[in-house]
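The primary structure of each chain is shown beneath.
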2 protein chains.
Amino acid sequence: MDIVTPFQFSLVYNAFSFTFATMAAATAFLWLSRSQVAPAYRTALTISGLVTAIAAYHYYRIFESWTAAYTFGNGVVTATPFAFNDAYRYVDWLLTVPLLLIELVLVMRLSREETISKSVRLGSAAALMIVLGYPGEISNDIPTRVLWGTLSAIPFVYIVWELFSGLGKSIAQQPASAQNLVRKARLLTFASWGFYPIVYMAPYAGLTGGNVTTTIQIGYTIADIAAKAGLGVLIFLIAVRKSEVEDTDGRGYAV
Amino acid sequence: MDIVTPFQFSLVYNAFSFTFATMAAATAFLWLSRSQVAPAYRTALTISGLVTAIAAYHYYRIFESWTAAYTFGNGVVTATPFAFNDAYRYVDWLLTVPLLLIELVLVMRLSREETISKSVRLGSAAALMIVLGYPGEISNDIPTRVLWGTLSAIPFVYIVWELFSGLGKSIAQQPASAQNLVRKARLLTFASWGFYPIVYMAPYAGLTGGNVTTTIQIGYTIADIAAKAGLGVLIFLIAVRKSEVEDTDGRGYAV
């Protein structure tokens, strides 16, 4: 286990605790808000909350794994015999990344056929992207990391293409008040997902030891908060706007 | 306790954590989705969520039992004096397997008499199947495993016959938009349940030691995810489609 400085240990420790709290809070917000949107958008909020709930669970486990991997006492950090478990992130992403794309498709309320076909295609590409990234993540060898990172980039490029080409046409059919938000949700997904491969390649930038461990953990944590809790808030806003526009019988869904 | 390699230890460890998260997420999804289906289908979703909730509890216990059975430090796995508890799975199945068949019967919305008689017959056969399988599971002796496995197959064959013969007629009476999904649910149940006896007989295939432990744990875990969380999603989709078709007063149940 790479040794970290006391500052790095505390920074990562507090970032994990912060992220657990953020994800758990986002879950409560998204699930409690279900009753404020029209029934057609409730599954999108249910799934947005599932994503943050699954992430909250994994940040709890990641936090426990971090505190098991190091002892911080008398101002000194020492490594224990127990390795920090990198796999939790990949297990989390395998579940949450397909769900993130599905929540985006659901809130757009396409036809049933389009919803199913886009969910299946985007969800499968997302799962493939995660599976291909893992062998590189656990390797200390840079060429191996580059190889799997590149393979993992293929489904990522496909997803970006689907988001901007395939979903582009559907955005034009969204109500005017929601169009801009849907574009922002797409952009947030693109930008935050594009941040992961940058973090992934941190060892390539000449970082080593505790610096690379800290950069990767903090980097992934920031990206997770934006991609999951951040997207969840946008999904909620889109669902509220669309519920208002489509509220022809005056049930008064509103924030 | 059979010793496993560090790779096998981590694979099983992460698979158990993944399955706990999946089952807990499926539970939240199924219970939150109750309000999106007609009242007649809510019990099916309640019970689908019970199945995944019970499984989440047992995967938490199984995970704890796995980490108590081995120590993984400094890259080496050693067995502790504490045996991994195989019984959790059977206790789980004794509760969940009858419920899985009951959720399938409930979502079909048969007459009250048929619902009760099919639930009692299928549920009892399922419980008998599990009880007969256990003495073989805990035996290290292959003939004993074969004997109890064969006895356990008798109620299994009866269940398959009921699913394809008895329920077959009822499927023809389902609304057109749901028929295909009901057939898929029946096929998923048959295929995933048929996977358990294959895993059960892993020691018969010449696997020994850590290989047999890993194969059995990963095999049962995959089968559990398909049979419980996978079936739950299908039950939800069937309930939504049927609610839409039967929604004559325009309450607008929808996804």
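Residues numbered from 1 in each chain as written. Chains lettered and ligands numbered in written order. Predicted model: local features only at pLDDT ≥ 70, side-chain atom pairs only at ≥ 80, totals over all residues. Heavy atoms only, no water.

On a plain count of helices and strands, chain A comes out with seven helices and two strands. Tracing chain A from N to C terminus, the helices and strands come up as α-α-β-β-α-α-α-α-α. Computed over the C-alpha atoms, the radius of gyration of chain A is 20 Å, within 12% of the 18 Å expected from 2.2 N^0.38 for a compact globule of 255 residues. Relative to its 255 residues, chain A shows a buried fraction of 54%. Considering only residue pairs separated by 6 or more positions, chain A has 76% of its internal contacts joining residues 24 or more positions apart. For chain A, the exposed area adds up to about 10,800 Å²; of that, 67% sits on carbon and sulfur atoms. Treating the 17 positive side-chain charges of chain A as one cloud and the 15 negative ones as another, the clouds have centres 7 Å apart. (Helix = DSSP H or I, 4+ residues; strand = E, 2+ residues; numbered from the N terminus. Rg over C-alpha atoms; globule rule 2.2 N^0.38 Å. Buried < 20%, exposed > 50% of the residue type's maximum accessible area, 1.4 Å probe, protein only. Contact = heavy atoms within 4.5 Å. Areas by Shrake-Rupley, 256 points an atom, 1.4 Å probe, with all protein chains shown as cover. Lys, Arg positive; Asp, Glu negative; His and termini not counted. Charge placed at Lys NZ, Arg CZ, Asp CG, Glu CD.)

Under the counting rule described, the total for this entry stands at 15 salt bridges over all chains. Taking the shortest distance from any N to any O, the salt bridge between E244 of chain B and R112 of chain A comes out at 2.9 Å. Linking E244 of chain B in helix α7 (residues 209-245) with R112 of chain A in helix α4 (residues 112-137), this pair reaches from one chain into another. Its relative accessible area of 31% is what places R112 of chain A among the partly exposed residues. A salt bridge links R109 of chain B to E246 of chain B, with the nearest nitrogen and oxygen atoms 2.7 Å apart. With R109 of chain B in the loop between α3 (87-108) and α4 (112-137) and E246 of chain B in the segment after α7, the pair connects residues that are 137 residues apart, well separated along the chain. Judged by its relative accessible area of 46%, R109 of chain B falls in the partly exposed class. With relative accessibility at 32%, the residue E246 of chain B sits in the partly exposed group. Members of the salt-bridge network, linked through shared partners, are R89, D92, D224 and K228 of chain A. (Salt bridge = Lys/Arg side-chain N within 4 Å of Asp/Glu carboxyl O.)

Let us now look at the packing of helix α3 (residues 87-108) of chain A against α4 of chain A. For any two helices packed against each other, one specifies the inter-axial angle together with the distance between the axes. Residue and element names in this part refer to chain A. Running from amino to carboxyl end, α3 crosses α4 at an angle of 160°, the nearest separation of the two axes being 9 Å. Classed by the angle they form, the pair α3 and α4 counts as roughly antiparallel. The interaxial crossing formed by α3 with α4 has right-handed handedness. Its residues placed into classes, the contact of α3 with α4 shows 17 nonpolar, four polar and two charged. (Axes fitted to C-alpha atoms, helices over the stretch in contact; angles between N-to-C directions. Parallel < 35°, antiparallel > 145°, perpendicular 65-115°, else oblique. Left-handed = near helix turned anticlockwise from the far one by under 90°. Nonpolar A, V, L, I, M, F, W, Y, C, P; charged D, E, K, R; others polar.)

Further remarks concern the layout of surface pockets. Taken as a whole, the second largest pocket spans an internal volume of roughly 1,500 Å³. At the level of elements, α2 (42-69), α3 and α4 of chain A together with α1 (6-32), α6 (176-200) and α7 of chain B are the ones that each hand at least two residues to the lining of the second largest pocket. With 11 residues, α7 of chain B is the largest single contributor of residues to the lining of the second largest pocket. For the lining of the second largest pocket, a count of residues per class yields 29 nonpolar, nine polar and five charged. (1 Å grid on protein atoms, 1.4 Å probe; cavity = no way out; pocket = protein on both sides within 12 Å on 5 of 7 lines; lining within 4 Å. Points joined across faces, edges and corners; volume = space filled by probe spheres on them.)

To continue, consider the nonpolar core. Soluble globular proteins: nonpolar side chains tend toward being buried together. Ranked by size, the top nonpolar core spans 150 residues in total, and within it I159 and W193 of chain A together with W66, I159 and W193 of chain B carry the most contacts. No other element matches α3 of chain A, which puts 14 residues into this core. (Core = buried A, V, L, I, M, F, W, Y, C linked by side-chain atoms within 4.5 Å.)

All names here are of chain A. When the pLDDT values of chain A are averaged, the result is 92; 96% of them are 70 or greater. When mean pLDDT is compared element by element in chain A, helix α1 (residues 6-32) scores highest at 98, while helix α5 (residues 142-172) scores lowest at 90. In the model output, the complex is listed with pTM 0.93 alongside ipTM 0.92. (pLDDT = per-residue confidence, 0-100.)

Residue and element names in this part refer to chain B. The residue V240 is located in helix α7 in this model. Judged by relative accessible area, which is 2%, V240 ranks as buried. On a C-alpha basis, the gap between V240 and D141 in space is 48 Å, while along the polypeptide they are 99 residues apart.

In this section: the relation of the copies chain A and chain B. Overlay of chain A on chain B (RMSD 0.1 Å): rotation 73°, translation along the axis 0.1 Å. Such a combination of rotation and displacement between the chain copies is what one expects of a five-fold axis. Of the C-alpha atoms belonging to chain A, the one lying closest to the rotation axis is found on S35 of chain A, 8.2 Å away. When the interface residues of chain A are mapped onto chain B, a mere 4% of them again lie at the interface, so each copy presents a different face. (Least-squares fit on C-alpha atoms with pLDDT ≥ 70 in both.)

All names here are of chain B. One can find T221 in helix α7. Accessibility expressed as a relative area gives 4% for T221, which makes it buried. At 2.6 Å, the side chain of T221 forms a polar contact with the backbone oxygen of Q217. Each residue touching T221, except ones within four places of it in the same chain, is listed here: A15, F16, T19, Y59 and R89. (Polar contact = N/O pair within 3.5 Å; in protein donor to acceptor, adjacent residues only side chain to side chain.)

Residue and element names in this part refer to chain A. Where strand β1 (residues 70-73) lies against strand β2 (residues 76-79), four bridges are found, and the strand directions are antiparallel. Bridge pairing links T71 to T78 in β2. Linking β1 back to β2 in an antiparallel pair, the connection comprises two residues, with N74 at a positive phi of about 50°. (Pairing = 2+ DSSP bridges.)

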